[in-house]
Amino acid sequence: MRDGYPSNDELRENFDQVLADVLAGQGPRSATGLDDDTQTALWTIFKAYPEVTPELVEAARQALAGQLDGSNAVRWEQDMEKWFEEREQRKSAREQQEHSD
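The structure presented is a predicted model; accordingly, all values stated were derived computationally and were not measured.

**Notes on the overall build of the chain**
Logical step 1: On a plain count of helices and strands, the chain comes out with 4 helices and 0 strands.
Logical step 2: For the chain, the α and β elements follow one another from N to C terminus as α-α-α-α.
Logical step 3: Its C-alpha radius of gyration of 19 Å places the chain more than 25% over the 13 Å reference for a compact globule of 101 residues.
Logical step 4: Over its C-alpha atoms, taken along the principal directions, the chain stretches across nearly 60 × 35 × 25 Å.
Logical step 5: Relative to its 101 residues, the chain shows a buried fraction of 24%.
Logical step 6: Relative to all contacts within the chain whose residues are 6 or more apart in sequence, the contacts with residues 24 or more apart total 47%.
Logical step 7: Surface summary for the chain: the accessible area is close to 7500 Å², and the carbon and sulfur share equals 50%.
Logical step 8: Measuring between centres, the 11 positive side-chain charges of the chain sit 3 Å from its 22 negative side-chain charges.

**Thoughts on the packing of aromatic side chains**
To describe a pair of aromatic rings, one takes the distance between the centres and the angle between the planes.
Logical step 1: On inspection of all chains with the given rule, the structure shows 2 aromatic pairs.
Logical step 2: Between the aromatic rings of Trp43 and Phe46, the centroid separation amounts to 5.4 Å while the plane-to-plane angle is 85 degrees, which identifies the pairing as edge-to-face. Here Trp43 and its partner Phe46 are both found in helix 2 (residues 36–48), 3 residues apart, which amounts to about one turn of the helix.

Criteria and thresholds
- The numbers attached to residues start from 1 for each chain and follow its sequence in the written order.
- Owing to the predicted nature of the model, reporting of local features is limited to residues with pLDDT of at least 70; listing and counting of side-chain atom pairs is limited to 80 or more, with chain, interface and lining totals taken over all residues.
- For side-chain calculations, the full set of non-hydrogen atoms in the structure is used, while hydrogens and water are omitted.
- Helix and strand assignments come from DSSP, with helices taken as H or I runs of at least 4 residues and strands as E runs of at least 2, each series counted from the N terminus.
- We compute the radius of gyration from the C-alpha atoms alone; for a globule the expected value is 2.2 Å times N to the 0.38, where N is the number of residues.
- Burial classes: relative accessible area under 20% of the type maximum marks a residue as buried, over 50% as exposed, and values in between as partly exposed (1.4 Å probe, protein chains only).
- Here, two residues are considered to be in contact whenever any of their heavy atoms come within 4.5 Å of each other.
- Using a 1.4 Å probe, accessible areas were evaluated by the Shrake-Rupley method; residue-level cover was limited to the displayed protein chains.
- A residue counts as positive if it is Lys or Arg and as negative if it is Asp or Glu; His and the chain ends are not included.
- Note on charges: their place is set at NZ of Lys, CZ of Arg, CG of Asp or CD of Glu.
- To pair, rings of Phe, Tyr and Trp, with the six-membered ring standing in for Trp, must have centres within 6.5 Å; the planes then decide the type, stacked if under 30 degrees apart, edge-to-face if over 60, and tilted in the middle.

Laid out in structure tokens, this is it:
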């Protein structure tokens, strides 16, 4: 049983294994430690099989790079903050509408 998060080397190894699987027409495995962006890119390759383009493979490699350098997580946090702010704005607008009726 694993304790903690996989190292960057383990993530690269997992990615290479899953990439080889999807390039052979097999679905991506779960519990690889790969983030949502990277998993989504790998699923996109799987769905495109057998017409996988070099651009799809490069997009998956870029997604992994984003996981490794932390930029995927930063973008996800920004997206969540924006979602919560928009949610609060919608809530305030509804409450103002209710009070003005």
